[in-house]
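Per-entry structural report
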Amino acid sequence: ESRVCGHHSRRLALPSDAPRPAMPAPDDPKKKKGLNPYGFLYTVERIPCMRQTLLNAVGVGSAIGLHSFYRHRLQWAALRTGIGAACLVSMVSWGTCRIKFYTQKRRVHDIMTNQEKYSKANIETRNPGEDKR
């Protein structure tokens, strides 16, 4: 049996009865939690508005690039037009989505502070003999 060893491109012949390193279980706490240099690629979906922005940019950029190619039959011009449209759409989409996100975040914060303020006021003004509902 032969397999690739590490980062080497040449194949090393290993006996089939050679011990193989055990793979840690996915939930194993002993698993080394080092920094992954490509970790940002796997956490893109956690960024608010990123998915919607990328989908809008890719869709509109592709459509405008194809339209430009069908109209003029110039490949590089169509590519530049598609990439430019994608960049423009991504900036506009990102900006509008983030404004909506911060507006919603601010509303939730205001609601929570008002609820906390009014609940404290209700507790302080309640009479001791009043029944609690």
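Everything below is about the structure shown above.
Residues numbered from 1 in each chain as written. Predicted model: local features only at pLDDT ≥ 70, side-chain atom pairs only at ≥ 80, totals over all residues. Heavy atoms only, no water.

With that out of the way, let us pick up the overall build of the protein. Along its length, the protein carries three helices and two strands. If you list the helices and strands of the protein from N to C, you get β-β-α-α-α. Expressed as a percentage of the 133 residues in the protein, the buried residues total 11%. Contacts in the protein between residues far apart in sequence, at least 24 positions, make up 42% of those at least 6 positions apart. (Helix = DSSP H or I, 4+ residues; strand = E, 2+ residues; numbered from the N terminus. Buried < 20%, exposed > 50% of the residue type's maximum accessible area, 1.4 Å probe, protein only. Contact = heavy atoms within 4.5 Å.)

Right, let's talk about the side chain of Ser-93 for a bit. With respect to the helices, strands and loops of the structure, Ser-93 is situated in helix H3 (residues 75-125). Among the residues examined, Ser-93 registers a relative accessible area of 8% and is labelled buried. Excluding residues that lie within four positions of it along the chain, Ser-93 makes contacts with Gln-52, Thr-53 and Asn-56.

A separate point is the packing of aromatic side chains. Under the criterion given, the structure shown has two aromatic pairs. Ring plane angle 50° and centroid distance 6.1 Å describe the contact between Phe-69 and Tyr-70, whose orientation is recorded as tilted. Residue classification places Phe-69 among the partly exposed positions, given a relative accessible area of 25%. For Tyr-70, a relative accessible area of 56% translates into the label exposed. (Phe/Tyr/Trp six-rings, centres within 6.5 Å; stacked < 30°, edge-to-face > 60°.)

Within the chain, Cys-49 stands out as a residue other than glycine whose phi angle is a positive 75°. Structurally, Cys-49 can be placed in the loop between helix H1 (39-42) and helix H2 (50-72). Despite not being glycine, Arg-73 has its phi angle at roughly 60°, a positive value. Within the fold, Arg-73 resides in the loop between H2 and H3.

Geometric descriptors of this kind do not, in isolation, establish any biological role.
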